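Summary of structural features
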Amino acid sequence: MDAARAKNRGPCGVVVVVGAGPYGLSVAAHLRAAGVAVRVFGEVMASWRHPAATGMFLKSTPRATDLSTPKPGGKLADYRREVGQPELTEFTPISCEVFARYGKWFADHFAGEIEPNHVARVARGRHGFQVMLRGGERVEAAAVVLAAGLAPLAYVPDELVPLAPQGRMGPEAVLSHTSQQTDLSRYGGRRVVVVGGGQSALESAALLYELGAEVDVLVRSDRVRWGTPPSARRPWWQRIAHPSSPLGPGWALRGLCWAPGLVRLLPASQRLWLHRRALGPSGSWWLRDRVENVVPVHLQRRITRARLDGSTARLTLAGDAGELRTDHVLAATGYRIDVDALSLLAPELRRAIARVPGSGAPRLSPGLESSVSGLYFAGSMAAPTFGPMLRFVAGTGFAARRITASLCSRVGLMV
């Protein structure tokens, strides 16, 4: 159903999806195929334009990169075939630019109309929720699915906060987070310290070095972990001992991908441990040659103090590691799942959302519904409940099917 028809329906029948990335598009595709009246707000694949602009690649393999639709023909391979390009394999890293184009194609073919309006606020309304757009329109909705990007959840360690007085942080400032970057070429010829040891940190460091920056990478761990290169033919015993999965080889990861619904039944402490530890920071196998013995990577380095010195930063390191002076600090320090960071939710709505004990993550039902009836979360916000697969594109099918089944059981949402 298109947006015009959804607008003409009574407010009890409209579901609003906030976000038009992989999860938002997949949820929209499933809901529309089920006959649910939907309005989707957001710019298609907006959160993927930044890494695409910087020339980054996905960490995931093609088999873990398909968006989800109940109709045939929506996979990455289908898109490549339609545009006359060869199918990608595990030996071919997928550029974020290719993935963003695939998402746009998927939206055009399966997700229906996407309204490029930004949602300013979601609050309780007369018939469930009132969704306020930045342009001033107010939409009454029976249910809301939050599938927005990770940008509001960007995490910067307290030690680095003094580098951003009055919250001034970004590409032009002394401190930025990787989620804010669109053009790393601005740092050519300048000194940059990258903080972090995961894919985002290592790939950013490689790109900065290749663009002529003087780069240092600070990693708290005692080593950098790299992915294992794919093998065209694995022996049968290796396939049994370490079966493949969308998240990598091994029985543990295969189980997490096979049954995220069962992960929800684990005690909260175990789920949070899985969320933090199941897939620790690491770099893709194809990135290793661009970093190892090329870019200075300093292991077991922890920043104890950071301060501004004019237009530069001075970083004091723990122990006898001394001090670093740099023009820019790039925090590749990941994201923290916290409902309170979602400023688009009205304060009273945030307060009403029950949390997973020991975290700021929403406690979700089997259908990804929060304790606020009709308010759903997809993507990384659901990972502390259902496991690490929900942090990746591979989880779109699970989330879209569960949310659609839950919404279709609600009175008044079917056409």
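Residues numbered from 1 in each chain as written. Predicted model: local features only at pLDDT ≥ 70, side-chain atom pairs only at ≥ 80, totals over all residues. Heavy atoms only, no water.

A look at the pattern of salt bridges
Counting across every chain of the model gives 13 salt bridges. The salt bridge partner of Arg191 is Asp327, with a shortest N-O separation of 3.2 Å. Highlighted residues: Arg191 in strand S9 (residues 191-195) and Asp327 in the loop between strand S14 (323-326) and strand S15 (328-331), separated in sequence by 136 residues. On the basis of relative accessibility, which here comes to 28%, the residue Arg191 falls in the partly exposed class. Overlapping salt bridges bring together Asp309, Arg314, Glu323 and Arg325 as one network. (Salt bridge = Lys/Arg side-chain N within 4 Å of Asp/Glu carboxyl O. Helix = DSSP H or I, 4+ residues; strand = E, 2+ residues; numbered from the N terminus. Buried < 20%, exposed > 50% of the residue type's maximum accessible area, 1.4 Å probe, protein only.)

Considerations on the packing of helix H2 (residues 22-33) against helix H14 (residues 396-408)
Contact pair H2 / H14: the axes reach a minimum separation of 9 Å and the direction vectors enclose 45°. Between H2 and H14, the interaxial angle falls into the category oblique. Note that H2 runs across H14; the crossing there is right-handed. Contacts from Pro22, Tyr23, Ser26, Val27, His30 and Leu31 of H2 reach H14 at Thr396, Ala399, Ala400, Arg401, Ile403, Thr404 and Leu407. Classifying every residue of the contact of H2 with H14 by side-chain character gives eight nonpolar, four polar and one charged. (Axes fitted to C-alpha atoms, helices over the stretch in contact; angles between N-to-C directions. Parallel < 35°, antiparallel > 145°, perpendicular 65-115°, else oblique. Left-handed = near helix turned anticlockwise from the far one by under 90°. Contact = heavy atoms within 4.5 Å. Nonpolar A, V, L, I, M, F, W, Y, C, P; charged D, E, K, R; others polar.)

Remarks on the side chain of His328
Checked against the element boundaries, His328 lands in strand S15. For His328, a relative accessible area of 1% translates into the label buried. Leaving out residues up to four positions away in the same chain, His328 has contacts with Gly170, Pro171, Ala173, Val174, Leu175, Ser176, Gln181, Tyr187, Arg191, Val192 and Val193.

Observations concerning unusual backbone geometry
Notably, Met45 is not glycine yet its phi reads approximately 55°, a positive angle. Phi is positive for Leu368, which is not a glycine, with a value near 65°. Examined against the element boundaries, Leu368 turns out to sit in the loop between helix H12 (347-352) and strand S16 (375-377).

Comments concerning H2
Taking 1.5 Å as the rise per residue, H2 with 12 residues should run 16 Å; its terminal C-alpha atoms sit 17 Å apart, in good agreement. Burial analysis of H2 places 11 of its 12 residues in the buried class, the great majority of the element. Among the residues of H2, Pro22, Tyr23, Gly24, Leu25, Ser26, Val27, Ala28, Ala29, His30, Leu31 and Arg32 are the ones counted as buried. Residue Gly35 follows H2 closely and has a positive phi angle near 85°. (Expected span 1.5 Å × (residues − 1).)

Focus: the environment of Ala33
Examined against the element boundaries, Ala33 turns out to sit in helix H2. Along the backbone, Ala33 and Pro70 are 37 residues apart, and their C-alpha atoms lie at a distance of 7.2 Å. Apart from the residues lying within four places of it in its own chain, the contact partners of Ala33 are Pro70 and Lys71.

Thoughts on the sheet that holds S14
Spatially, S12-S13-S14 is the arrangement adopted by the three strands of the open sheet, whose pairing is antiparallel. At either margin of the open sheet sits one strand with a lone partner, and together these are strand S12 (303-309) and S14. Strand after strand, the sheet turns through a mean of 20° between neighbouring axes, direction not considered. Sheet analysis places S12 next to strand S13 (residues 312-317), joined by six bridges and oriented antiparallel. Across the sheet, Ala306 pairs through a bridge with Leu315, a residue of S13. (Pairing = 2+ DSSP bridges.)

Structural notes on the packing of aromatic side chains
With the rule as written, the count across this model stands at 10 aromatic pairs. Relative to Phe110, the ring of Phe106 has its centre 5.2 Å away and its plane inclined at 40°; by these criteria the two rings are tilted. Taken as a pair, Phe106 and Phe110 lie in helix H5 (residues 96-111) at a separation of four residues, close to a single helical turn. In this structure, Phe106 and Phe110 share a single accessibility class: buried. Among the aromatic residues, those joined into a ring-pair cluster are Trp48, Tyr79, Phe99, Tyr102, Trp105, Phe106 and Phe110. Taking NZ or CZ as reference, Arg336 lies 3.8 Å from the ring centre of Tyr155, over its face. (Phe/Tyr/Trp six-rings, centres within 6.5 Å; stacked < 30°, edge-to-face > 60°. Lys NZ or Arg CZ within 6 Å of the ring centre and 35° of its normal.)

Things to note about the pairing of strand S5 (residues 128-133)
For S5, a buried count of five out of six residues is recorded, marking the element as mostly surrounded by other parts of the structure. Bridging between strand S4 (residues 119-125) and S5 involves six bridges; their strand directions are antiparallel. Considered in S5, the bridge of Val119 is made with Leu133. Connecting the antiparallel pair S4 and S5 is a turn made up of two residues. Looking at chain direction, S5 and strand S6 (residues 138-141) are connected through four bridges and run antiparallel.

Observations concerning the environment of Gly55
For Gly55, the position within the fold is in the loop between helix H3 (49-54) and helix H4 (76-82). Residue Gly55 is classed as partly exposed on the basis of its relative accessible area, which comes to 32%. Distance from Gly55 to Val195, taken between C-alpha atoms, is 20 Å for residues 140 residues apart in sequence. When neighbours within four sequence positions are excluded, Gly55 is seen to be in contact with Glu203 and Leu207.

The values are spatial; any link to function lies outside them.
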